[in-house]
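Residues per chain, in single letters:
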Amino acid sequence: MKDLKYLTAYVVPILCVVSIYYGGWSLYLTPLVIFGIVPFLELWMPSLKSNLEDDEREEKIANKFFDMLLWLNVPIVFGVLGYGFYTYSISAFETYEIIGLVFSLGIVAGSNGINVAHELGHRQDTWERFLGKALLLPSHYMHFYIEHNYGHHLKAATPDDPASARYNENLYAFWIRSVSSQYSSAWEIQSRLNNAAERSFFSFKNDMLWYTIIQISYIALIAVVLSPATALIAIAVGIVGFTLLEIINYLEHYGLRRAQKKSGRYEIVREMHSWNSNHALGRILLYELTRHSDHHYRASKKYQVLDYHDISPQLPYGYPTMMVIATIPPLWFAIVNKHVPKEMVALQTAA
């Protein structure tokens, strides 16, 4: 019965559907709950540090229930987005309602879309990786699959990684650097893959080219089937979706740095190179993404068996709370900087 806790992740799309149905100020229900009520509840909920026993671990790995919870997000995300876009196309929305709709749908695209896509993108089965790529589509971030798997996991917590926030770098400067650099990095990685396989830019196996075509087609289809104005809403929803991802990227490695060896190579990624949070509600809503250090330590591990490590730096609050704090740079620096390991600060200030 304890495993049913992960059904809580579906609260986000349910809230979104309810808010669209009732309209008006109800359209702000999703952001209010996720970034207002959830952070408040996290202040009172426990931080759970326990890990599974070996027999429990094997049982949970074999249990397809945890996989099905992820797979179901594909029809849920596209169903909720379709409902939202269709409702907008046949209704007269006030400006404040449009803003609420965009943020509500954007949260679904980020939490149940990109977040689940991240987990599926590390799976061994091709069809699961396909589902992951599909969930990146509404946020215009299909290139994330390439950059994250072939770039970020190699370069995390180094100055070469666009998705690792530097010490004293504020969220807004990070957003600009990360969004632009991750996209260009994905093209660079794809180019290397093309060259290694001796295939042309227009090869059927040029994934970045296909991602571009698919994403443009997605927006064009919405414009044709519904309306050009709805297509603009879809674009805005995607921006909110990938912005939520970038805020999480900001939390996950802020101020952490791997030491560089005399050879120029960096030390291997260890548990101390990612921020963790054991706050229960954030863990459940984000499918254990908050145990990020273990994910980087062993990227192939499924979310339900990720472990807590004592040596991992711990965020003082849960991910939803820290996401809100990150939007206020002075408050973020005041709270988080004192938790950044001194030796990692020294590596960056000396550079």
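Residues numbered from 1 in each chain as written. Predicted model: local features only at pLDDT ≥ 70, side-chain atom pairs only at ≥ 80, totals over all residues. Heavy atoms only, no water.

- Going by the annotation in an unreviewed UniProt entry, the name recorded for the protein chain is Alkane 1-monooxygenase, with Nonlabens ponticola given as the source organism.
- Among the UniProt annotations of the protein chain, the heading Sequence similarities (unreviewed entry) holds the following wording: "Belongs to the fatty acid desaturase type 1 family. AlkB subfamily." (UniProt positions renumbered as here; feature names shortened; annotations may be inferred.)

**Here's the deal with the overall build of the protein chain**
- Summing up its helical and strand segments, the protein chain has 16 helices and zero strands in all.
- Radius of gyration (C-alpha) of the protein chain: 20 Å, near the 20 Å computed for a compact globule of 351 residues.
- With the C-alpha coordinates of the protein chain rotated into their principal frame, the extents come out at 60 × 55 × 45 Å.
- Across the 351 residues that make up the protein chain, the buried fraction comes to 56%.
- Put simply, of all contacts in the protein chain between residues at least 6 apart along the chain, 71% involve residues at least 24 apart.
- Surface accessibility of the protein chain: about 16100 Å² in total, with carbon and sulfur atoms responsible for 65%.
- Charge-centre separation for the protein chain: the mean point of 28 positive side chains lies 6 Å from the mean point of 30 negative side chains. (Helix = DSSP H or I, 4+ residues; strand = E, 2+ residues; numbered from the N terminus. Rg over C-alpha atoms; globule rule 2.2 N^0.38 Å. Buried < 20%, exposed > 50% of the residue type's maximum accessible area, 1.4 Å probe, protein only. Contact = heavy atoms within 4.5 Å. Areas by Shrake-Rupley, 256 points an atom, 1.4 Å probe, with all protein chains shown as cover. Lys, Arg positive; Asp, Glu negative; His and termini not counted. Charge placed at Lys NZ, Arg CZ, Asp CG, Glu CD.)

**A few points about the pattern of salt bridges**
- Counted according to the given criterion, the structure contains twelve salt bridges.
- We note a salt bridge from glutamate 119 to arginine 123, for which the minimum N-O separation is 3.2 Å.
- Among the salt bridges present, the one from aspartate 294 reaches arginine 298, with a minimum N-O distance of 3.8 Å.
- In this structure aspartate 294 comes out as buried when scored by relative accessible area, which is 0%.
- A relative accessible area of 39% means that arginine 298 is categorised as partly exposed.
- Taken together, the salt bridges that share partners define one network made up of Lys64, Asp67, Glu119, Arg123, Glu128 and Lys302. (Salt bridge = Lys/Arg side-chain N within 4 Å of Asp/Glu carboxyl O.)

**Some points on the nonpolar core**
- Phe85, Leu105, Tyr287 and Trp332 are the most contacted members of the largest nonpolar core, which totals 85 residues.
- Looking at which element gives the most residues to this core, the answer is helix 11 (residues 228-253), with twelve residues.
- Ignoring any residue separated from it by four or fewer positions in sequence, one finds tyrosine 287 in contact with Tyr6, Ala9, Tyr10, Leu69, Leu70, Asn73, Asn115, Val116 and Tyr303. (Core = buried A, V, L, I, M, F, W, Y, C linked by side-chain atoms within 4.5 Å.)

**Quick word on the side chain of serine 19**
- Mapped onto the elements of the fold, serine 19 is located in helix 1 (residues 11-22).
- For serine 19, a relative accessible area of 0% gives the class buried.
- A polar contact is formed between the side chain of serine 19 and the backbone oxygen of cysteine 16, at a distance of 2.7 Å.
- Non-local contacts of serine 19, meaning those with residues more than four positions away in its chain, are made with Ser26, Leu27, Leu29, Thr30 and Ser104. (Polar contact = N/O pair within 3.5 Å; in protein donor to acceptor, adjacent residues only side chain to side chain.)

**Considerations on the UniProt feature "transmembrane region" (unreviewed entry) in the protein chain**
- In the UniProt entry, the feature "transmembrane region" (unreviewed entry) is given for residues 7-22, 28-45, 65-86, 98-117, 208-226 and 232-251.
- Taken as a whole, residues 232-251 contains 100% helix and 0% strand, while its terminal C-alpha atoms sit 29 Å from one another.

**What about empty space enclosed by the protein?**
- One pass over the full model with this rule turns up five cavities of 30 Å³ or more.
- If you add up the space inside the largest cavity, you get close to 270 Å³.
- Surrounding the largest cavity, 22 residues form its lining, Gly110, Ser111, Asn115, Ile248 and Leu286 being those nearest its centre.
- Those elements that provide at least two residues to the lining of the largest cavity are helix 2 (29-42), helix 6 (95-120), helix 8 (144-155), helix 11 and helix 14 (319-326).
- The element best represented in the lining of the largest cavity is helix 6, accounting for six residues.
- Looking at the lining of the largest cavity residue by residue, the class counts come to 14 nonpolar, seven polar and one charged.
- Looking at the second largest cavity, its volume works out to about 80 Å³.
- Where the lining of the second largest cavity is concerned, the elements lending two or more residues are helix 6 and helix 13 (292-297).
- No other element matches helix 6, which puts three residues into the lining of the second largest cavity.
- Per-class residue counts for the lining of the second largest cavity are five nonpolar, four polar and two charged. (1 Å grid on protein atoms, 1.4 Å probe; cavity = no way out; pocket = protein on both sides within 12 Å on 5 of 7 lines; lining within 4 Å. Points joined across faces, edges and corners; volume = space filled by probe spheres on them. Nonpolar A, V, L, I, M, F, W, Y, C, P; charged D, E, K, R; others polar.)

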